[in-house]
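Commentary on secondary and tertiary structure
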Amino acid sequence: MPDCSLPRTERLRSLGAVRRMFESGESGFIFPFRYVWFAEADEIPSAEVLFSVPKKFHKRANKRNLLRRRTKEAYRLQKLLLHNGRPVNLDLALIYSSKEELSYKTISNAVRRILETVAEHL
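The text that follows walks through the structure, step by step, so that each part is easy to find.

Reading the values: the criteria
Residues numbered from 1 in each chain as written. Predicted model: local features only at pLDDT ≥ 70, side-chain atom pairs only at ≥ 80, totals over all residues. Heavy atoms only, no water. Axes fitted to C-alpha atoms, helices over the stretch in contact; angles between N-to-C directions. Helix = DSSP H or I, 4+ residues; strand = E, 2+ residues; numbered from the N terminus. Parallel < 35°, antiparallel > 145°, perpendicular 65-115°, else oblique. Left-handed = near helix turned anticlockwise from the far one by under 90°. Contact = heavy atoms within 4.5 Å. Nonpolar A, V, L, I, M, F, W, Y, C, P; charged D, E, K, R; others polar. Expected span 1.5 Å × (residues − 1). Buried < 20%, exposed > 50% of the residue type's maximum accessible area, 1.4 Å probe, protein only. Arc of directions from axis to C-beta. Pairing = 2+ DSSP bridges.

**With respect to the packing of helix α2 (residues 61-78) against helix α3 (residues 104-121)**
At a minimum axis separation of 9 Å, α2 and α3 run at an interaxial angle of 50°. Classified by the interaxial angle, the pair formed by α2 and α3 is oblique. The interaxial crossing formed by α2 with α3 has right-handed handedness. Of the residues in α3, those in contact with L67, R70, T71, E73, A74, Y75, L77 and Q78 of α2 are Y104, I107, S108, V111, R112 and L115. Classifying every residue of the contact of α2 with α3 gives 8 nonpolar, 3 polar and 3 charged.

**Considering α2**
Compared with the 26 Å implied by 1.5 Å per residue over 18 residues, the 26 Å span of α2 between its first and last C-alpha is a close match. Of the positions making up α2, those classed as buried are R64, L67, T71, A74, Y75 and Q78. Take α2 and look down its axis: the buried residues cluster within an arc of 100°, on one side only.

**With respect to the pairing of strand β2 (residues 33-41)**
Side-chain positions along a regular strand alternate between the two faces of the sheet. Taken together, the 5 bridges between strand β1 (residues 26-30) and β2 define a ladder with antiparallel strand orientation. By the bridge assignment for β2, I30 is matched with F33. In this structure, β2 lies alongside strand β4 (residues 88-96), joined through 9 bridges in antiparallel fashion. Opposite F38, over in β4, you have D91 as the bridge partner.

**Brief notes about the sheet that holds strand β3 (residues 46-52)**
Spatially, the 4 strands line up as an open sheet ordered β1-β2-β4-β3, and their pairing is mixed. Whereas interior strands pair on both sides, the edge strands pair on one side only; in this sheet they are β1 and β3. Each neighbouring strand pair of the sheet contributes to a mean axis angle of 20°, computed without reference to strand direction. Relative to β4, β3 runs parallel, the two sharing 7 bridges. Note that in β4 the partner of F51 across the bridge is L94.

**Observations regarding the environment of R76**
Tracing the chain through its elements places R76 in helix α2. Put simply, R76 and A17 are 59 residues apart on the chain and 21 Å apart in space, counted from C-alpha to C-alpha. Sequence-distant contacts of R76, defined by excluding residues within four places in its chain, comprise C4, S5 and L6.

Following this line, the structure appears as structure tokens:
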């Protein structure tokens, strides 16, 4: 059975890596997410991800936490779409950009489409 966990080592925490990703990474939009990613060739393949739900659109913390949890779960279950055999060091940011609170199914479909798009470019 494939490993579908999301350990701390797979979360993007380095300020330098986040800055590099937003300065020189590629971006796109698939409703309801804006996504930014940066990849470089590396011997040890790894993928680190950042989840963000801005306070600008969702003032209540419980709504932001709910949407962040739904996004994390969708990514966790579908992250194997990124691993296509090439050793790549990938940084990915998923930024929720809708004022609506969407269902898990909608979020999951958007995350799947984002991961497929990024995998094509790798």
